[in-house]
Amino acid sequence: MDLSELGTPCLVLDRGKIDENIRRMREHLSGRGPVLRPHAKTAKCIEVVGRALDDPSSPVAVSTLKEAEYLFEHGIKDILYAVGIAPVKLERVARLREVGADVTIVLDSVEMAGIVGKRGGALGANFPVLIELDCDGQRAGVAPGDPVLVEIGRVLDGEPGTELRGVMTHAGVSYQARTPEAIQAVAARERDVAVESAGALRRAGLPCPVVSVGSTPTAWFAEDLSGVTEVRAGVYMFNDLVMAGLGVCEVDDIAISVLASVIGRQEDRGWVITDAGWMALSRDRGTAGHEVDQGFGLVCGIDGAPLGDIVVTSTSQEHGIVAHRGGGHAAPAKARIGDLVRILPSHACATAAMFDRYHVVDGSTEVVEVWQRVNGW
Ligand SMILES: Cc1ncc(COP(=O)(O)O)c(C=O)c1O
């Protein structure tokens, strides 16, 4: 089958680019000390995640328990559920552990450590836990230097239902760092906070075998990873316009695109209309603050090559408005009514989440495979 025979909008993945992105990150980290723990949050698909692992005994991170259950069904056992745990999810984690999945959970408060410890005791589970650290003030985690870290550690170490396994942090602020030097500084901070916190736990006589850091930009730009035991990254497998804008990849390295049909032209406004609105592209506008604003996506021909400076400037549910970046009155001439275009996404995780499968190509417009995704929670 050819892309031209598919219904639109749909999700297209270039297998050769995925393989190359995975190869480059693997090579980049190899020999540097920490192991790579690929994050399944973008892919949510065994055919993709499996390519990023050496073998099924390799570690993975997940963003939902559904991903954890799905990957375990495919033979993967070492799973970090890298979102703060909620009490209502503990039974599902316990069930997974009972059948042989080594699922580690994450928390950042004395209260939650107590809840998990009690529940673990009642369920006869011994939940391995990483304490989450806040290295950039963006989200969850214990602030650097806060003595509550050791308090949480003592609760986890003392309760029969938990096992203190270490610390983890994610420098989400790397997505806002605009220069290689800025990403290097974020990566240094991510590493320093994790390593210093691990030291604080150890000085208090507590175990801390795991020191886990990572995001795709910091995985690429970190200069010093000493003391870190694992690096997590997920979007590197796909890449997207945010990563290209940060200098983490080239636009040509983006493996994922949305196939859309041109359904109209508004010549007097300089617009082309496609059937890929925010239900297909997502509302993510991650490059809005970048030097080059890529709107809701960069428009390419069916062969995947950019048509020029042509972007999706606005979206409604099922309509995407395509125009020249920076405006102008002429509607893009290369996108004629009835044409198929491929739109490179701003944020791969968000765009992929709008679809239940990947139509896989390998450098041409021939669909060579269809891979299912596991959405939901
Ligand atoms: C906890 C955690 N670790 C790792 C990652 C992977 O980062 P990236 O998507 O930049 O590869 C994420 C992404 O959101 C995350 O939330």
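Starting from 1, residues in each chain are numbered consecutively following that chain's sequence as written. Only residues with pLDDT of 70 or above have their local features reported here, since the model is predicted, and side-chain atom pairs are shown and tallied only from 80 upward, although totals for entire chains, interfaces and linings are computed over all residues. Excluding hydrogens and water, the side-chain figures rest on all heavy atoms present in the structure.

**Observations regarding the pattern of salt bridges**
Thought 1: Throughout this description, the term salt bridge denotes a Lys or Arg side-chain nitrogen within 4 Å of a carboxyl oxygen of Asp or Glu. Overall, the coordinates contain 24 salt bridges when judged by the stated rule.
Thought 2: D78 is the partner of R37 in a salt bridge, and the nearest nitrogen-oxygen pair spans 3.1 Å. Taken together, the positions of R37 in strand β2 (residues 35-38) and D78 in strand β4 (residues 78-84) put the pair 41 residues apart, joining distant regions of the chain.
Thought 3: The buried label goes to any residue with under 20% of its type's maximum accessible area, the exposed label to any with over 50%, and the partly exposed label to all in between, with areas taken from a 1.4 Å probe on protein chains only. By relative accessible area, which is 21% here, D78 ends up partly exposed.
Thought 4: Between E163 and R165 there is a salt bridge, with its nearest N and O atoms 3.2 Å apart.
Thought 5: By relative accessible area, E163 is classed as partly exposed at 28%.
Thought 6: A relative accessible area of 18% places R165 in the buried class.
Thought 7: Salt bridges linked by common partners bring R97, D102, E163 and R165 together as one network. Helical segments are the DSSP runs of H or I of at least four residues, strand segments are the runs of E of at least two, and each set is numbered from the N terminus.

**What about the site of the ligand?**
Thought 1: Nearness of a residue to a molecule or strand requires only that one of the residue's heavy atoms be within 4 Å of it. Close contacts around the ligand come from 15 residues, with Y175, T216, R232, G234 and V235 the closest.
Thought 2: We define a polar contact as two N or O atoms separated by no more than 3.5 Å, with the added condition that, inside protein, one atom must be a possible hydrogen donor and the other a possible acceptor, whereas residues neighbouring each other in sequence contribute only through side-chain atom pairs. At a separation of 2.9 Å, a nitrogen atom of the ligand approaches a polar side-chain atom of R232.
Thought 3: Its free accessible area being 390 Å², the ligand has 94% of it covered by the protein chains. For the area figures, the Shrake-Rupley method with a 1.4 Å probe applies, and any residue is considered shielded solely by the protein chains shown.

**Side note on the packing of aromatic side chains**
Thought 1: Pairing of aromatic side chains requires ring centres within 6.5 Å, counting the rings of Phe and Tyr and the six-membered ring of Trp. Pairs whose planes differ by under 30 degrees are stacked, by over 60 edge-to-face, and all others tilted. Applying the stated criterion to the full structure yields 1 aromatic pair.
Thought 2: Between F238 and Y358, the aromatic rings sit 5.9 Å apart at their centres with planes inclined by 35°, giving tilted as the arrangement. In this pair, F238 sits in the loop between β9 (230-233) and α9 (241-246) while Y358 sits in strand β16 (residues 357-361), placing the two residues 120 residues apart along the sequence. There is no split in this pair, since F238 and Y358 are both buried.
Thought 3: By definition here, charges over rings are those cases where NZ of Lys or CZ of Arg is within 6 Å of the ring centre and within 35 degrees of the ring normal. Taking the ring centre of F296 as reference, the NZ or CZ of R285 above it sits at 5.5 Å.

**Topic: the pairing of strand β11 (residues 271-274)**
Where a strand is regular, its side chains alternate between the two sheet faces.
Thought 1: Whether two strands pair depends on DSSP finding at least two bridges between them. Looking at chain direction, strand β10 (residues 256-266) and β11 are connected through 4 bridges and run antiparallel. Bridge pairing in β11 places G264 opposite I273.
Thought 2: In sequence, β10 turns back onto β11 through a hairpin of 4 residues, with G270 there showing a positive phi of about 80°.
Thought 3: One ladder, built from 3 bridges, connects β11 with strand β14 (residues 320-324); its direction is antiparallel. Of the residues in β14, the one forming a bridge with T274 is G320.

**A short note on helix α6 (residues 148-158)**
Since one α-helical turn is 3.6 residues long, residues separated by three or four positions face the same way.
Thought 1: Taken as a whole, α6 has its buried residues at L149, V150, I152, G153 and L156. The buried residues of α6 occupy an angular sector of 155° when projected down its axis, which confines them to one face. Regarding the arc, it is the one traced by the directions from the helix axis to the C-beta atoms.

**Examining the nonpolar core**
Thought 1: As used in this record, nonpolar core signifies buried Ala, Val, Leu, Ile, Met, Phe, Trp, Tyr and Cys residues forming a set joined through side-chain atoms within 4.5 Å. Among the nonpolar cores identified, the biggest contains 115 residues, and F238 and Y358 are the most heavily contacted of them.
Thought 2: An automatic or database domain assignment supplies the start and end points of every domain. Inspection of this core shows a minimum of three residues originating in each of domain 1 (3-10 + 248-372) and domain 2 (40-233).
Thought 3: Any two residues whose heavy atoms approach within 4.5 Å are treated as being in contact. Sequence-distant contacts of Y358, that is, excluding residues within four places in its chain, are made with L11, L13, T42, A43, C45, F238, I256, A352, E369, V370, W371 and R373.
Thought 4: Core analysis: the second largest hydrophobic core is formed by 8 residues, L3, C10, L259 and V367 among them.

**Observations concerning the packing of α6 against helix α7 (residues 180-203)**
Each pair of packed helices gets described by two things: the angle between the helix axes and the distance between those axes.
Thought 1: Geometry is summarised by axes, namely lines fitted to C-alpha atoms with helices restricted to the contacting stretch, and by angles between N-to-C directions that run from 0 to 180 degrees. Across the interface, α6 lies against α7 with an axial gap of 10 Å and an inter-helix angle of 55°. Here α6 is positioned oblique relative to α7, judged by the angle of their axes. Relative to α7, the crossing made by α6 is right-handed. Two secondary-structure elements touch here, α6 through L149, V150 and G153 and α7 through S197, A200 and L201.
Thought 2: For this classification, the nonpolar set comprises Ala, Val, Leu, Ile, Met, Phe, Trp, Tyr, Cys and Pro, the charged set comprises Asp, Glu, Lys and Arg, and every other residue, Gly included, is treated as polar. When the residues that make up the contact of α6 with α7 are grouped by side-chain class, the tally is 4 nonpolar, 2 polar and no charged. Should an angle fall under 35 degrees it is called roughly parallel, over 145 degrees roughly antiparallel, and 65 to 115 degrees roughly perpendicular, with every other angle called oblique. In this scheme, a crossing is called left-handed if the near helix is turned counterclockwise away from the far one by less than a right angle; it is called right-handed if the turn is clockwise.

**Notes on the sheet that holds strand β8 (residues 210-213)**
Thought 1: Taken in spatial order, the 8 strands make up an open sheet running β2-β9-β8-β7-β6-β5-β4-β3, and their pairing is parallel. This sheet does not close on itself; its edge strands, each paired only once, are β2 and β3 (60-62). Averaged over all pairs of adjacent strands, the angle between strand axes in this sheet comes to 30°, irrespective of strand direction.
Thought 2: With 3 bridges joining them, strand β5 (residues 102-107) and strand β6 (residues 127-133) adopt parallel strand pairing. Counterpart to L107 in the pairing with β6 is I131.

**Considering the side chain of T42**
Thought 1: In this structure, T42 sits in the loop between β2 and α2 (46-52).
Thought 2: Those residues in contact with T42 that lie beyond four places of it in its chain are G234, V235, F238, A348, C349, A352, Y358 and R373.

**Things to note about the domain arrangement of the protein chain**
Thought 1: Here the domain parsing of the protein chain yields domain 1 (3-10 + 248-372) and domain 2 (40-233).
Thought 2: Taking only C-alpha atoms, the centre of domain 1 and the centre of domain 2 are 34 Å apart.
Thought 3: At the interface, 9 residues of domain 1 touch 16 residues of domain 2.
Thought 4: Note on terms: buried area is the combined drop in 1.4 Å-probe accessible area of two parts once they are placed together, counting the loss on both. The contact between domain 1 and domain 2 buries some 940 Å² in all, and 64% of this surface belongs to carbon and sulfur atoms.

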